[in-house]
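So you can see what is in the structure, the chains are spelled out below.
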Amino acid sequence: MNEPVITPELVAKHGITPEEYENILKILGRVPTYTELGIFSVMWSEHCSYKNTKPLLKTFPTRSDRIMVGAGEENAGIIDIGDNLAIAFKMESHNHPSAVEPFQGAATGVGGIIRDIFTMGARPICAMNSLRFGELQSPEVRRLFRGVVGGIAHYGNCFGIPTIAGEVCFDASYEGNPLVNAFCLGVLRHEQIARGAAKGIGNPVFYVGPATGRDGLAGAAFASQDLTEASAEQQRGAVQVGDPFMEKLVMEACLELLAAKDAVAGIQDMGAAGLTCSTCETAARAGTGIEIELSKVPQRATGMTPYEIMLSESQERMLIIVNKGHEAEVQRIFDKWDLPWSEIGVVTDTGRMVVRNHGEVVADIPAAKIANDSPVYHRESKEPEYLNDVRAFQISSVQDTTTATQDLEALLAVPTIASKNWVYRQYDHQVRDGSVVCPGSDAAVVRIKADSLPMLSEGQSETVPAGTEKYIAMAVDGNGTYVYLDPYEGSKTVVAECARNLACTGAIPLGSTDNLNFGNPHHPELFYQLKESVRGLAEACDVFGAPVTGGNVSLYNQNPHGAIDPTPTIAIVGLVEKKEHITTQWFKDEGDVIILLGEAVDEGDPNLGLGGSAYLQNRKGIKNGTPPRCDLKKEKAVQDATLDCIRAGWVKSAHDCSEGGLAVTLAECCFTKNVALNTPRFTGAQVDLSALKCARKDALLFGETQSRIIVSVSPANADKILAKAKEHSVPAAVIGKVTGSGKDSELSIRLAQETLSWNVSAIYGTWWNAIGSVMDAAAH
Amino acid sequence: MNFAVLQFPGSNCDQDCVHVLKNVLGHSARLLWHKENSVGDADAVIVPGGFSYGDYLRTGAIARYSNVMAAVTEFANQGGLVMGICNGFQILCEAGLLPGALIRNRSIKFRCEFVWLRTGPANTPFTCKAPEGTVLRIPIAHGEGCYFADPETLKKLEANGQILWRYCDEQGKVEAEANPNGSLLNIAGICNEKKNVAGLMPHPERASEDILSSSDGRILFESMIQWHCKK
């Protein structure tokens with residue numbers, strides 16, 4: 001076989017530094033083959049090795065009594081939710097592929113994360129996503145947005161998983177480099193946890209799923225470099241093509257095989273770095289070796305080289321290590337589902353990953369060395385210059401508003417704040433009969449029932465108590481602007497807001513998964529953002545009892561104009577203990593009392609909550625100023641008070657105050673209940689803020705002071721809420737009442753200076769149609 | 001009553017149907033694999049939603065050639081009750097058990113949301129518990145749910161009372177704004193001439209429990225049960 005000669009240029013082209021190459025020579029004791037060079041390049045890419053972020057990731061809280069499989073151990077973390085049930089969940093990015101080919105890029109992002117979940121032995125039961133794009137005025141942004149949403153819908157809908165929640169933000173910094181973070185959650189019984197380890201010397205190694213093609217060649221390496229026009233064009237072929245139908249079959253077959261008693265010794269999906277990653281990681285985890293024969297790998301294209309087969313990222317493939325003597329089970333089950341399978345190798349005791357092609361050795365590498373001994377870099381960090389400007393900004397340089405009525409109308413039409421129905425109505429969010437709170441409230445709630453679970457082994461009796469039902473809440477959040485303006489404080493806020501969304505739903509956090517979307521780590525100012533952000537995230541996750549169970553790092557998010565806003569996204573998963581505690585954000589009944597939990601305005605913040613606010617950005621054209629502070633102690637107290645009140649049965653609605661401030665929150669409480677197509681339900685609200693001390697109208701109405709929640713309660717329970725808040729040392733004030741429902745409902749807010757009012761139906765229309773009117777009016 | 005719920009590769013709503021029939025309504029329901037040649041002792045067959053065979057070629061186009069569909073056709077021809085939901089409706093149309101076809105939504109987009117349905121004549125196994133004009137709140141989730149048939153077929157459907165569910169507003173008024181996909185005559189579901197085979201795009205199994213915010217869908221299954229028990 002004629003393989004390219006290893007030259008310094010070829011090494012550089014693989015993104016391997018001269019020092020890393022020296023290390024490779026040391027590990028191998030010789031010059032690597034072309035295939036080996038490819039293997040090292042993908043395994044030591046940031047995407048697979050976390051070489052630039054490992055030291056930071058170690059600072060995350062990762063333990064609790066409930067965690068059964070922790071961060072970094074396996075393909076996803078697992079948390080005990082009681083009654084012998086557990087959940088597996090994780091979030092992962094597919095930013096670069098989505099920038100190049102939005103539909104397939106996003107679709108395969110969904111496919112990849114679903115595989116991570118069923119690889120753990122869990123049945124995937126719901127999905128979420130966190131998306132970021134440039135400004136919608138740009139036709140190119142609309143193309144990406146339409147493609148990404150279409151891709152997620154295509155994959156999730158066909159696979160049969162409800163896409164139950166998410167967030168979508170628009171900001172110029174993501175132009176050309178959209179962020180696509182996909183989350184999946186699955187359920188299983190405690191004894192059903194599967195491991196990605198190649199255990200048992202002599203055990204056969206099976207390849208299952210569709211044949212390997214040239215698609216997605218070296219996608220992991222592609223994701224670990226700056227995105228440029230040239231790289232995008234050149235890498236168009238690096239984007240994988242997804243087939244959700246195939247994945248659905250592979251999942252059903254894998255879960256069936258996992259239920260076959262003692263058949264499976266280890267299982268791992270072929271995601272990033274495909275066959276390479278799955279073979280050496282499973283061997284490394286078990287401390288064994290693995291030997292495979294490439295001619296036995298089902299191939300879609302003719303004449304594929306060993307290099308191509310090892311680095312292909314063809315989708316929907318799995319590697320299964322089968323306990324010897326159970327080979328027939330694989331055949332029986334995969335034949336039943338009409339799926340390709342092939343025995344391609346064997347587990348050895350050599351500790352080496354040996355790859356043969358028609359008998360000839362093309363790679364022979366110590367598995368543990370490549371999987372675990374990737375380089376670790378402590379990157380240089382330097383506080384960015386721009387932060388001086390941010391700190392110098394004073395809100396007094398901006399005049400208070402004289403157009404508050406229009407401000408609210410305009411903010412409701414800002415795509416980041418507006419209704420995302422154009423997005424979530426394209427996602428099947430109800431399949432599997434478990435969607436209790438659907439998209440449109442603070443957090444989604446999914447019900448776990450007996451048939452949500454993977455099947456039992458034949459003859460095995462149920463290990464979950466009869467009639468058990470569980471309610472799992474989840475939300476995903478991010479705020480690139482806050483983190484840009486203050487990486488540490490902003491990152492705390494991101495976690496706080498996500499936890500607050502859960503509290504409003506009635507859930508106690510169980511754990512979290514994060515996706516760190518940042519720029520090039522070689523740039524000290526960008527690395528500073530990453531470092532400070534992780535510090536904030538770690539601190540906040542700890543306070544809210546949401547240890548990190550896994551996640552993903554996506555660096556090199558740059559376009560020719562610079563880096564994206566640093567954007568950590570976090571998904572928190574929580575447990576709602578009783579069905580009765582499930583709470584939604586919209587007002588319920590006329591006459592109910594509206595209470596604000598938390599300080600109306602943080603007077604200790606020189607910008608009064610307006611720094612980096614949606615109001616300042618969209619109404620004043622200013623993206624500057626230190627963002628609102630996040631006092632974690634105060635925040636925890638507000639959330640605890642809210643949860644106590646919900647669990648006491650006093651709360652009819654709870655909604656967190658975030659982008660757009662109090663005015664946007666109140667408007668949303670009035671109109672977010674949607675019964676069916678063209679059937680929104682409105683309430684009015686009469687709110688009086690005139691007693692609240694605040695020098696600025698805009699700060700009171702649109703400021704984004706943290707740690708605030710709006711609840712509504714029947715008049716009889718109002719005092720109980722105030723007393724409970726006091727117990728938690730949380731400021732609380734009755735600020736108004738819910739008024740009549742129907743088309744004429746009015747939202748009125750009385751301030752010291754004037755009384756503002758809006759027709760709820762009219763502002764609802766603005767909010768509901770803002771994204772759809774842009775997307776459906778514009779030609780493709 | 002014994003229900004058989006078909007299971008094709010790519011069926012997604014099979015378990016949901018079994019859940020509602022068994023756990024919510026207390027009847028017997030089992031999955032029937034697409035390679036089977038008989039519906040066995042089933043009293044009724046549900047063809048569930050999903051993406052059978054990945055919707056390759058055309059929705060329902062491959063499923064109709066499966067072993068089990070030959071058995072279902074025979075069962076239907078002998079008067080057995082068959083209800084197709086979403087992809088199941090598409091399959092029944094492809095198999096010729098129901099007239100017409102489901103084509104791409106007018107909006108070109110997949111749509112998932114609750115809609116209002118106005119129930120047609122109550123003299124069928126699928127509507128006998130709901131007086132004509134009953135308005136139901138049931139969700140849809142499809143990309144290809146626009147019902148299409150030639151004018152003659154439509155005329156026949158109307159004349160024979162075969163249009164069982166139409167998209168309407170909350171008050172039951174059948175109007176253009178209430179139509180989520182461009183279906184002719186706002187058709188959401190129909191039955192065959194003999195009235196033992198029905199298909200609809202909305203998902204009654206997703207609206208059969210209060211915790212999922214509507215139990216209006218139960219009346220379809222309950223109608224089938226009542227009809228069968230009276231027989």
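Residues numbered from 1 in each chain as written. Chains lettered and ligands numbered in written order. Predicted model: local features only at pLDDT ≥ 70, side-chain atom pairs only at ≥ 80, totals over all residues. Heavy atoms only, no water.

Visitor: Explain unusual backbone geometry to me, please; I cannot follow it from the model alone.
Guide: When glycine is set aside, most residues are seen to have a negative phi, and most peptide bonds are trans. Residues and elements named next belong to chain A. Unlike most non-glycine residues, Tyr556 shows phi in positive territory, near 60°. Topologically, Tyr556 is positioned in the loop between β18 (548-554) and β19 (558-559). Given a relative accessible area of 8%, Tyr556 falls into the buried group. A positive phi angle, close to 55°, is found at Asn678, a residue other than glycine. In this structure, Asn678 sits in the loop between β24 (674-676) and β25 (679-680). We classify Asn678 as exposed; its relative accessible area is 55%. (Helix = DSSP H or I, 4+ residues; strand = E, 2+ residues; numbered from the N terminus. Buried < 20%, exposed > 50% of the residue type's maximum accessible area, 1.4 Å probe, protein only.)

Visitor: Help me understand the environment of Pro547(A) in this model?
Guide: Residues and elements named next belong to chain A. Its place among the elements puts Pro547 in the loop between α21 (524-543) and β18. Residues Pro547 and Arg391, spaced 156 residues apart in sequence, show a C-alpha to C-alpha distance of 31 Å. Excluding its chain neighbours within four sequence positions, the residues that come into contact with Pro547 are Pro61, Thr62, Arg63, Ser64, Ile67, Leu510, Gly511, Ser512 and Cys541. (Contact = heavy atoms within 4.5 Å.)

Visitor: Mind showing me how you'd approach the sheet that holds strand β9 (residues 163-168) of chain B here?
Guide: Strands pair in a sheet through their backbones, by hydrogen bonds, and they do so in one of two ways: parallel or antiparallel. Residues and elements named next belong to chain B. The sheet built from nine strands is open, its strands ordered β2-β1-β3-β4-β11-β10-β9-β6-β7 with mixed pairing. The open sheet terminates on both sides in strands that have one partner only, identified here as β2 (28-33) and β7 (135-142). Taking the axes of each pair of neighbouring strands and ignoring which way they run, one obtains an average angle of 25° across the sheet. When β9 meets strand β10 (residues 187-191), the two strands line up antiparallel, connected through three bridges. Residue pairing for β10: Ile163 is matched across the bridge by Ile190. Here helix α2 (residues 67-77) sits on the sheet in contact with β1 (2-7), β2, β3 (44-47), β4 (81-85) and β11 (197-200), set at roughly 130° to β4. Each of β1, β3, β4, β7, β9 and β11 is contacted by helix α5 (residues 218-230), which is oriented at about 170° to β4, the strand it contacts most. (Pairing = 2+ DSSP bridges. Axes fitted to C-alpha atoms, helices over the stretch in contact; angles between N-to-C directions.)

Visitor: Help me out: how do you make sense of the nonpolar core in this one?
Guide: Side chains that are nonpolar tend, in soluble globular proteins, to be buried together. All names here are of chain A. Core analysis: the biggest nonpolar cluster contains 196 residues, and Phe145 and Leu747 have the highest contact counts within it. Take this core: its biggest share by element is ten residues, from helix α8 (residues 139-159). Inspection of this core shows a minimum of three residues originating in each of domain 1 (1-62 + 196-374) and domain 2 (386-565 + 574-777). Sequence-distant contacts of Leu747, that is, excluding residues within four places in its chain, are made with Leu408, Leu666, Ala667, Cys670, Ala685, Leu756, Ser757, Trp758, Val760 and Ile763. Counting 46 residues, the second-largest nonpolar core is a separate cluster that includes Phe40, Ile292, Val297 and Ile365. (Core = buried A, V, L, I, M, F, W, Y, C linked by side-chain atoms within 4.5 Å. Domains from an automatic or database assignment.)

Visitor: What's the story with the domain arrangement of chain A in this structure? I'm lost.
Guide: Frequently, the measure chosen for interface size is the accessible area that the parts lose on association. Residues and elements named next belong to chain A. Splitting chain A by domain gives domain 1 (1-62 + 196-374) and domain 2 (386-565 + 574-777). Taken together, the contact between domain 1 and domain 2 spans 19 residues of the former and 27 residues of the latter. Each partner contributes to the roughly 1,900 Å² buried at the junction of domain 1 and domain 2, and carbon and sulfur atoms together form 66% of this total. The interface formed by domain 1 and domain 2 holds zero salt bridges in total. The interface formed by domain 1 and domain 2 includes two residue pairs in polar contact (both at pLDDT 80 or more). Mapped onto the side of domain 1 that touches domain 2, the elements with two or more residues apiece are α4 (46-49), α5 (54-57) and α11 (244-259). (Buried area = accessible area lost by both parts, 1.4 Å probe. Salt bridge = Lys/Arg side-chain N within 4 Å of Asp/Glu carboxyl O. Polar contact = N/O pair within 3.5 Å; in protein donor to acceptor, adjacent residues only side chain to side chain.)

Visitor: I would appreciate a short explanation of the interface of chain B and chain A in the present structure.
Guide: In this complex, chain B contributes 37 residues to the contact, which on the side of chain A involves 38 residues. Roughly 3,200 Å² is buried in total at the junction of chain B and chain A, and carbon and sulfur atoms are behind 52% of that figure. Among the residues of chain B in contact with chain A, Lys109(B), Cys112(B) and Ile211(B) are the three that bury the most area, contributing 18% of the side total. Across the contact surface, chain B and chain A share six salt bridges. Viewed at the interface, chain A and chain B are joined by 19 residue pairs in polar contact (both at pLDDT 80 or more). Mapped by element, the contributors of at least two residues to the side of chain B that touches chain A are α1 (14-24), β6 (111-119) and β7 of chain B. In terms of residues, the side of chain B that touches chain A owes the most to one element, β6(B), which gives six residues. Within the side of chain B that touches chain A, the residues separate by chemical class into 18 nonpolar, eight polar and eleven charged. (Nonpolar A, V, L, I, M, F, W, Y, C, P; charged D, E, K, R; others polar.)

Visitor: Explain the side chain of Glu293(A) to me, please; I cannot follow it from the model alone.
Guide: Residues and elements named next belong to chain A. As for its position among the elements, Glu293 is in strand β9 (residues 289-293). Nearest to the buried, unbridged Glu293 among oppositely charged side chains is Arg356, at 5.7 Å. A polar contact of 2.7 Å, which involves the side chain of Glu293, links it to the side chain of Ser295. Within the local environment of Glu293, its side chain forms a polar contact with the backbone nitrogen of His358, the two atoms lying 2.6 Å apart. Sequence-distant contacts of Glu293, defined by excluding residues within four places in its chain, comprise Ile344, Arg356, Asn357, His358 and Gly359. (Lys, Arg positive; Asp, Glu negative; His and termini not counted.)

Visitor: Explain the state of the cysteines here, please?
Guide: Any covalent bond linking the sulfur atoms of two cysteines counts as a disulfide. This model, assessed by the stated rule, comprises zero disulfides over all chains. Looking at the unpaired Cys630(A), the closest cysteine sulfur is the one in Cys541(A), lying at 12 Å. With no disulfide of its own, Cys93(B) lies 12 Å from the sulfur of Cys86(B), the closest cysteine sulfur. Cys93(B) gets classed as buried once you look at its relative accessible area, which sits at 11%. (Disulfide = S-S within 2.5 Å.)

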